Structure formats: C-alpha cells, structure tokens
There are 2 protein chains.
Amino acid sequence: MGALGECCLGGKPGCHGMEQMLLVGGEEEEIRLGPELECGGGIEDAVKVLLEGLGEDPDRDGLKKTPLRVAKALRDGTRGYKQSVHDIVEGALFLEAGMSNRVDRARGGGGLVVVRDIGLFSYCESCLLPFRVQCHVGYIPSGQHVVGLSKLARVADVFAKRLQDPQRLADDICSALQSSIKPLGVAVSLQCWHIHLPELGRKNPCQRHTSSRSNMQGWHELDVCSYSGIFEDEGGDPWIEFAAVLKFGGVNVGRVEEEKEKEKPSPLQNWCPLKSPEMVQCIGKASSKLVGTLPDAMVAAVTSILTSLGEDPLREELVGTPQRFVRWLMTFRRASFELKLNSNFHLGQLGLYSAKNSGGDIIGSRSKGEIVHSELSLPFCSQCEHHLLPFYGVAHIGYLAPPESKIIDRSLLHSVVLFYGCKLQVQERLTRQITETVFSIFCGGVMVVVEADHVCMVSRGIEKMGSSTATTAAMGQFAANLEAKTMFLQTIACSRAAGG
Amino acid sequence: MGALGECCLGGKPGCHGMEQMLLVGGEEEEIRLGPELECGGGIEDAVKVLLEGLGEDPDRDGLKKTPLRVAKALRDGTRGYKQSVHDIVEGALFLEAGMSNRVDRARGGGGLVVVRDIGLFSYCESCLLPFRVQCHVGYIPSGQHVVGLSKLARVADVFAKRLQDPQRLADDICSALQSSIKPLGVAVSLQCWHIHLPELGRKNPCQRHTSSRSNMQGWHELDVCSYSGIFEDEGGDPWIEFAAVLKFGGVNVGRVEEEKEKEKPSPLQNWCPLKSPEMVQCIGKASSKLVGTLPDAMVAAVTSILTSLGEDPLREELVGTPQRFVRWLMTFRRASFELKLNSNFHLGQLGLYSAKNSGGDIIGSRSKGEIVHSELSLPFCSQCEHHLLPFYGVAHIGYLAPPESKIIDRSLLHSVVLFYGCKLQVQERLTRQITETVFSIFCGGVMVVVEADHVCMVSRGIEKMGSSTATTAAMGQFAANLEAKTMFLQTIACSRAAGG
C-alpha cells in the first residue's frame, strides 16, 4: 500500500511473527522477551519522549510499561503491511460447478455474495488516531469459483491494519479482491467514524441495545464506496442489487457522481477532525495557551515512530501528521490542569446557587430532610495512561445537600469532570478524584458513576468491540446509605430508558 | 478446571505457539506447515471418518482441507487449556494510592469496577457445539491495586476457550479473578446462548440495528452468575450496585436462591438442547429413521478428538458427548435428503393451489400481466462444509407466475429450503439450488435471497461477531428484468422495516 506495499520492517526479519504470537497468547506484558524485543526499541524510546513532553514521570507505576505496550499495539495495528492478500486468498478458492452456467450472468441476474458488517479498526494517517470501520463487501463470482467467506473479512483487515484514509482503504480492499479472486466485479462500502476532540465529547457513548454502528453518535462519520467490473455502472443491476441487500440490512449506500465531485471539495478533506481549519484553530488556541510552540523533540519522536513502522514520513499524506498527533496529545498535558484550575475553576466562589433554581433532579427527600441532587451524562474524553489511547464517556454525579443549601451549577460539575479527565488517566482514579472533589464541597455525601468506552479494549489485542466499562465511587452518607444509593442508580436507569 | 487445568498437550511442546502464530496472520490454510503439522494429525484423521460417515467424499474440492480447518479451529477454540491466568494478571496490577483510603469500603460504598458486554464463544461440553456468551465482570479493588481493564476480558476468554457449561464458566472466571487479583470480591454475570436444532431454525437472525445480544432470538438462552467475597450477600450494597450498573446497561441480573434451587431441577439440566428429553426424542426419531444406530466409527472418532485436545472422555460431564455430537451431525447426512424427498417432497403433485388463495405477497403486476409472488423469511440451519460448523438464517423466494396459474404453498417452499439446507453446504450453492428447483416449476422467473449468520465467521479465526452474509440468485425474467428484481428486493426491505 502506497509507500511500502509488502515490504518487511527494517531490522531483524522474523521478529514480528514472534511478537504476534505473543499477542495471541494474551500476555503481551508478561512473557519474557528474547532478542526480538529490540525491534520495538525505537518506538519505545520515542514514547518515553512523548511521556516526558506531557510532563509525566515515565517511571511511575502506571507508565513504566506504557512504551512497551504502545510499541506492541502500533506494531499489531499496522501488521497489514507485512501480510499478503495472495497468501490469504490462494487455497481458499472453491470450485462451484454451475455457478455461472444456469444462473445466467450474461442476462444480468444472480450470483451476488455480500458479507455485511465486518467490524474493523484502522489508523488515520493524518493524525495517527484509530478510526472505526463498518465494512460491507460484495462480489459476483466468475469462472465457477467462490472464495471462502471469511477471506473477505481477512483481506479487509489486511488493509485496515495500516495507516489509511477511508477512500483509499475502500479502494485497496476492492482492487485486492478484484485481482486475487478475479470475479465479475467487487463492491465495497465503508462507514467510517473518527474520534472527535476531547472537548466535544459525546452525549451518551454507552447506550446499549443498539447496533455496533448506531452507537457512534458524536463521532465524525464518513461513508465511502469503491467498485470494479460490472459494479461500475451505477444504474446497472449489480450495483442496485448490492445497494438493496445493504438497505434491508439497514445500510444506505450512496455514490458520489464523479462530475459533481470535481466541482466541490472532496469530503475526505474534512475527514480528519484534526485537519479541519476549525479544529486546528480550536486545538491551536488551547495548546498555544498551554505549551506555546510544539516541542521539537516530541514531533521528532513521532516522526521516528513512523519510520520504525516502515513508513516514509515524507509521503505526501503523512506530512504534518506528527505535528497533528503531538498537538492533540498536548491537550492532555499535566500542566494544563493547573492552568484550567486557575482560569475557570474556583470552587467555593463560583457556581453555587440556590437549590430552588436547580437544574438537577430532586429525586426524593431523605429522613434527615436532605435532598439527593443528580447531574447525569456529563461527557468527557480522557487518555488511557496504559496505552496512550482515548477513553471517552459520561460521568453521573449525585450528592446530598440540605433543602436550603446552595447547589452546584451543571457546567461547574462538568468542569470538574473535564479537569480530571483531560490527562493521562485510569478510569478508577478519575472516578475517585471527581468524588473527592465534589465531596470537599458537599460533605453530606457524594456518589459518582463513570461509564466509558476504551479504545484500547476494542482497537487492539483482545479486540472486544461493544464492551464498556463502568466505575463507581461513593463517600459520606452515600457510602453508608443503601436507600440514597439505590435512588441515584435508579435515576440513571430511568434517564437511560428515556434515551438520555 | 476439571480434568486438565494448565496441562500441555501430548506430543511436541511448542507446536501450539506456532499454530497460533499462523492463525494470527490469517493464513491458516495457506502457509507451508513444518513438522508441527503432525500434532493435529489425530484430529484430522477423525474428521475424515466423520465426513465419510456423512456419506461425503473427503477428497472433493470443498472438503479436501476441511479436516485441517476443523483441527485448527478446535485447537484454537480450546487454547484456554494452555493459558495461565497468573501470567495474564501478573504485571497488570497497578498501584492506585487512595483507592481504599478515602473511599471507605468499610462503610460500604464505592470503588466498583465493571466491564460490560465482553463477547465470547465457548464449546458446550455436552455436545461440542459452540455457544455464545455475553459476559459482564465486576470487582471491588483492595490493597490499593487495580487490574488493567483488558485483563478482565482476557481472563474470561481463557476459560471460554475450553469445553464448558455456563455455570462452571462463570465460576471459573470468578474464582480465577478472586485468587489472582485478590480484591474485596468478584461478580460475574453471563448470558449464554446455545444453538438450536436445525429444524427449529430462527425467525430472523439477520435483523440489524440491534445489539449483539438482542438478535439471539430463537437460541436457547441461560443466564448464570457467580460471586465471591463481599458480593456474596445478595441484599448487600456491592451486589445491588453491580446489578444496578448492569441494569442501566440493559441487563437484568437475577440470582437463584440456593434454598429454592435444591427443590427444583437445576436450569443447567436443560441447558444443552441436545440433552433435553424432548430433543433426544426428536433427533432420535430423525436419525434412527435415517441411519439406524449410531456408527461406532464416528463415535470413536469424536472420542479420539476429545483425547487429542487433552480432555478425558471419561470425565463425568463428557460421557455421552461423542454420541450427542454424532447424532446431531447425522441429521446433515447426505442420504437423509433422498429420504426426505421421497417422504414429503413431491413437486408437481402437491402444494400447488390457486393464486387467489395465496399467502404470498402480490407486489405488482408486470407488463405481460404476470404477478410477482414472494415468500419471505423461511428459516433454515445448514452446515458449513469448510468448517463443520452451522450457518443459519432465512431464505426469501420470489417468482413470477401468470395471474391464473397455480402458486406454491409456503410450507412446500420451506421444504425446498430445508432439503438443500440440511447437509454440508456453502451458502452460494444453497442459493443456486433453491433457485433452480423453484425455476423448474415456474419458468417465468425466480429470485432467491439467502441471509445467514456463519458460526465459523464469529467463533474462530477472524472472529467478526455481528457480521452476516447475503447471497442472491435469479433466473429467467427475474434475471433480465430490473423492475421485477427491484420490486422483490423492496418487499424484503419493507418486511424487514416492519420487523419481519
């Protein structure tokens, strides 16, 4: 693909096979590593530079093995560079006598094979953040041969496991299947979601009972397609049939006409949020206030990571990528918290107002006459300190206050969440820190529930898409009183049931 | 875990690591295998015996590599026997100062960590068929240590990748986490789905926009839980909090009280459909008619597979398993089709009646005055000949007939689908065979769409849960006429939109 098609990584040949074997066993940190460890050394050193640039101590407990984890995840996430489509498809072509005889392709009907909803993760080449893909692949066999169905997913994964943009990913999958299976045609439709900036957050990432696609609300979405052979005619039977089969699977496929495309800017230009002028300004404002110009050492470190992965940092699409990644990463810099604290976070001075104007839900009166206030679904995006990958979700805060006391403005509680969220974190600590801070104002009792999706859980290693993590903490009367706790938890359940 | 805890397979140590490495590359059939291939030899020979017992030619194109594929899938699907929880958790315990200080566990509140919706596949030890698991794990840290979140999923996977029943799976996960993390307590809730018998099928397996859990309609479901430490008190804060956090994630957790449990038979006794008296009778009736007594060679072959996996076929839970698996497999025997054909499948004699009594949808009149009839969502369960694993779904059949002609009864069309479905198959061929058969009656034109979920796509190798496959075929005027085709495809879309 592009700069490095089937090339092997520099350094020791074969060391990657070994790394992948270790990952499968699920013990990526624990197994004693032999000399092959050295092949990740370049990336590990670069990650240490990034951690230091973030104002962190790379030797503290949670970060000690982070460089090793990041190196392994990056190697694994770009393993597609070393995989060959030919090897995957060869030996998985099966003779189906009659496939192109009685079902008469010349007359335009039949024989379409579609695999829908192949879930993938890829890396955005503009910013190095992972993006989510729901992939739908169709082809029409020829020469009386069909390909094993799982190979369509495997070939798609080969190209997803590289630095990509959505359109090239679709084109790569399409042309690789066309040339390896040699069917009458191939159609590929991708729905891609790019994570947004921390500040934008999401309303409700953990909503359940939804498909893996429909819970991507708040992510930046782009739909692309690619086609070859008899799918090229947009008004022809094969394309219409492909679109129809996806439609009754719930996916609407649209093709951008090439004529129109020439007139207006490509939607790809706005694909990566970190490239859009609005976001560059937004991040620039935040990061320049915090860090001034970008640290050269961090940019050089990311450039060296690209080189270690076998990529060419001078390839057109990668120019500016290290800067964009560092700019994004620096919004999670330690120092930024102090600044934020001083500028807009004065607990005890601001944001307290009378309960009777409360926007919170008064869910019941307690025996002592105190009231349980709750602020639900406060969005945040944080950075997992074990993997340098985002986790994002919502915090729910409940607290007890006497009927006549002041309560806290929702926006101030949200500031508390963002304050502790916007750095290298673990979810358990984030939950505890929010609880302690709110408890310092309302000593009656506080309970916090944080729900989050962890990119590290779905994009690498165990790849458990759809999983979500919930953590709780309680202090004061909330910790001791089951009735108050139950009321608060039920408020969340009711809000969720109402689509909140 | 039962018979073989952490034991290594007999034969060459280390050969499994190699196999797993090959699987990751996604080229399980293609890579030249060295001497380590021999370690799968026993299973491969046994699978050949099964194929011959099914009346198949193990050397035909689609089956040549099936023994190798099945052996690799079984090895991979039971790799948990060779994995160590200690290795996974060690090195992933992180110091979280303050975790058990200010958040006061002694007073009953806070600190709960829950990972919801970990999707897993396991093998039923009663019948060797895979079963689907949605796993939810919670724990409350102690000793100021938290475990890396992905480790909860990895540990669950270690025990899922063994021959299991749901309750032991839950207990294994719970006790392994309790002893390795040493938290204040662990809670595990599992939702498990066992595939039903072929005849039972499912109404609509491919329905989209639903969560990975809610589209298991038609599968046999069992919910179990396991708990340790402070979760043992059902009325206590920790359990209630765990249940609440799952509830607002859409999962209802119930505990079976032990007192009541003693009085009535355990729900586990009815867990495996192939063990329930009703099903034994049902399969027995079908298989005795077809094959008489079970072939000893096939039962011996499955017994040898258990031994090759390192299991003890005399372990209490495995007694009868080879017989159950063979009995189930024999419902897909080639010879059975002829019998079914003779007994209740007389095309041209039965099942044709006047169109005005049709249960099918008359979706429009054609230029020649012919009518498009459609029968939607005819369920089936078939057996993938490449992996000896079920694929199941629905067929939609559309055909053109003159207004005054007879049409086909839905149940007869369903017989056609079951007739071709109930054997070793590939979905593309199944679609073509249904089309050709219906076309032999209605020469005007036929179109068939088959939608299916393939267990081989989700339970092994690439593990793309949620993916589904659609295939189409058309003959006669349906192949040539886009209008008729579009009308039929829209009928499916409308039916799907209406929840059909």
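Rules behind the numbers
Residues numbered from 1 in each chain as written. Chains lettered and ligands numbered in written order. Predicted model: local features only at pLDDT ≥ 70, side-chain atom pairs only at ≥ 80, totals over all residues. Heavy atoms only, no water. Helix = DSSP H or I, 4+ residues; strand = E, 2+ residues; numbered from the N terminus. Buried < 20%, exposed > 50% of the residue type's maximum accessible area, 1.4 Å probe, protein only. Areas by Shrake-Rupley, 256 points an atom, 1.4 Å probe, with all protein chains shown as cover. Axes fitted to C-alpha atoms, helices over the stretch in contact; angles between N-to-C directions. Parallel < 35°, antiparallel > 145°, perpendicular 65-115°, else oblique. Left-handed = near helix turned anticlockwise from the far one by under 90°. Contact = heavy atoms within 4.5 Å. Salt bridge = Lys/Arg side-chain N within 4 Å of Asp/Glu carboxyl O. Pairing = 2+ DSSP bridges. Expected span 1.5 Å × (residues − 1). Phe/Tyr/Trp six-rings, centres within 6.5 Å; stacked < 30°, edge-to-face > 60°. pLDDT = per-residue confidence, 0-100. Disulfide = S-S within 2.5 Å.

Comments concerning the overall build of chain A
Then step 1. Looking only at helices and strands, chain A features 17 helices and 14 strands.
Then step 2. In chain A, which comprises 500 residues, the share counted as buried stands at 62%.
Then step 3. Accessible area of chain A: about 17,600 Å², with a carbon and sulfur share of 53%.

Considering the packing of helix H2 (residues 41–53) of chain B against helix H3 (residues 66–77) of chain B
All names here are of chain B.
Then step 1. Viewed as axis vectors pointing N to C, H2 and H3 meet at an angle of 125 degrees, and their least axial separation amounts to 8 Å. As summarised for this structure, H2 and H3 are arranged oblique, according to the angle between their axes. Both H2 and H3 take part in a crossing whose hand is right-handed. Across the interface between the two elements, Ile43, Glu44, Val47, Lys48 and Leu51 from H2 touch Thr66, Pro67, Leu68, Val70, Ala71, Leu74 and Arg75 from H3.

Points about the pattern of salt bridges
Then step 1. Counted by the stated rule, this structure contains 38 salt bridges over all chains.
Then step 2. With its nearest N and O atoms 2.7 Å apart, the salt bridge here joins Asp76 of chain A to Arg79 of chain A.
Then step 3. Residue classification places Asp76 of chain A among the buried positions, given a relative accessible area of 8%.
Then step 4. Where Lys485 of chain A meets Glu241 of chain B, a salt bridge forms, and the shortest distance between an N and an O atom there is 2.7 Å.

Regarding the environment of Leu112 of chain B
Then step 1. Of note, Leu112 of chain B is situated in the loop between strand S1 (93–95) and strand S2 (113–124).
Then step 2. Residue Leu112 of chain B is classed as buried on the basis of its relative accessible area, which comes to 1%.
Then step 3. As for Leu112 of chain B and Leu184 of chain B, which are separated by 72 residues in sequence, their C-alpha atoms are 9.9 Å apart.
Then step 4. When sequence neighbours within four positions are dropped, the list of residues in contact with Leu112 of chain B reads Ala470, Thr471 and Thr472 of chain A together with Tyr139, Ile140, Phe231, Glu241, Phe242 and Val245 of chain B.

Digging into the packing of helix H17 (residues 482–497) of chain A against helix H7 (residues 237–247) of chain B
Then step 1. Across the interface, H17 of chain A lies against H7 of chain B with an axial gap of 10 Å and an inter-helix angle of 5 degrees. When the interaxial angle is binned, H17 of chain A and H7 of chain B end up roughly parallel. Residues Leu482, Lys485, Thr486 and Leu489 of chain A of H17 of chain A pack against Asp237, Ile240, Glu241 and Ala244 of chain B of H7 of chain B.

Focus on the pairing of strand S9 (residues 371–384) of chain A
Within a regular beta strand, the side chains point alternately toward one face of the sheet and then the other, so they alternate between its two faces.
Residues and elements named next belong to chain A.
Then step 1. Within S9, 14 of the 14 residues are buried, which leaves it mostly tucked inside the rest of the structure.
Then step 2. Here twelve bridges tie S9 to strand S10 (residues 389–401), and the two strands are oriented antiparallel to one another. Bridge assignment links Pro379 to a residue of S10, and that residue is Val394.
Then step 3. Pairing between S9 and strand S12 (residues 424–425): two bridges, direction parallel. Looking at S12, one finds that Gln383 is bridged to Leu424.

So, helix H10 (residues 296–308) of chain B
Residues and elements named next belong to chain B.
Then step 1. In this model H10 runs 18 Å from its N-terminal to its C-terminal C-alpha over 13 residues, within 8% of the 18 Å that 1.5 Å per residue would give.
Then step 2. In this fold, the buried residues of H10 make contact with H2, H3, strand S5 (163–164) and helix H11 (321–330).
Then step 3. Of the residues trailing H10, Gly310 is marked for its positive phi of about 90 degrees.

Overview of the packing of aromatic side chains
Then step 1. Across all of its chains, the model carries 18 aromatic pairs over all chains by this definition.
Then step 2. Ring geometry for Phe419 of chain A and Tyr420 of chain A: centres 4.6 Å apart, planes at 85 degrees, overall edge-to-face.
Then step 3. Judged by its relative accessible area of 10%, Phe419 of chain A is buried.
Then step 4. Ring centres 6.0 Å apart and planes at 65 degrees place the aromatic pair Phe478 of chain B and Phe488 of chain B in the edge-to-face group. Placement of the pair is Phe478 of chain B in helix H16 (residues 477–480) and Phe488 of chain B in helix H17 (residues 482–497), with a sequence separation of ten residues. Both residues of the pair, Phe478 of chain B and Phe488 of chain B, belong to the buried class.
Then step 5. Here the aromatic cluster, defined as three or more aromatic residues joined through ring pairs, consists of Tyr227, Phe231, Trp239 and Phe242 of chain A.

Details of H7 of chain B
Then step 1. Counted residue by residue, H7 of chain B has nine buried out of eleven residues, so it is predominantly covered.
Then step 2. Here H7 of chain B has its buried residues at Asp237, Pro238, Trp239, Glu241, Phe242, Ala243, Ala244, Val245 and Leu246 of chain B.

Re the confidence of the model for chain A
As a general rule, the predicted coordinates of low-pLDDT regions are not to be interpreted in detail.
Then step 1. Chain-level pLDDT for chain A is 77 on average; 71% of the residues reach the 70-or-more range.
Then step 2. Listed scores for the predicted complex are pTM 0.83 and ipTM 0.82.

What about the environment of Lys161 of chain B?
Then step 1. Mapped onto the elements of the fold, Lys161 of chain B is located in the loop between helix H5 (149–160) and S5.
Then step 2. Considering only alpha carbons, one finds Lys161 of chain B and Val450 of chain B, 289 residues apart in sequence, at a separation of 31 Å.

Looking at unusual backbone geometry
Then step 1. The backbone of Asp117 of chain A shows a phi angle near 60 degrees, a positive value even though the residue is not glycine.
Then step 2. The topology assignment puts Asp117 of chain A in strand S2 (residues 113–124).
Then step 3. Here Asp117 of chain A falls in the buried class, since its relative accessible area comes to 4%.
Then step 4. A positive phi is found at Leu388 of chain B, a non-glycine position, where the angle reads about 50 degrees.
Then step 5. The buried category is assigned to Leu388 of chain B, whose relative accessible area is 7%.

Looking at the side chain of Gln433 of chain B
Residues and elements named next belong to chain B.
Then step 1. The residue Gln433 is located in helix H14 (residues 427–439) in this model.
Then step 2. Given a relative accessible area of 15%, Gln433 falls into the buried group.
Then step 3. Each residue touching Gln433, except ones within four places of it in the same chain, is listed here: Tyr420, Lys423 and Gln425.

Some words on the pairing of strand S13 (residues 445–454) of chain A
Residues and elements named next belong to chain A.
Then step 1. Most of S13 sits inside the fold, with ten of its ten residues counted as buried.
Then step 2. Bridge count between S10 and S13: nine bridges; the pairing is antiparallel. In the strand pairing of S13, Val394 is matched with Glu451.
Then step 3. Relative to strand S14 (residues 468–476), S13 runs antiparallel, the two being bridged by eight bridges. Bridged to Ala452 within S14 is Thr469.

Notes on the state of the cysteines
All names here are of chain B.
Then step 1. A complete count under the given rule lists zero disulfides over all chains for this structure.
Then step 2. The closest cysteine sulfur to the non-disulfide-bonded Cys192 is located on Cys135, 8.8 Å from its own sulfur.
Then step 3. With relative accessibility at 0%, the residue Cys192 sits in the buried group.

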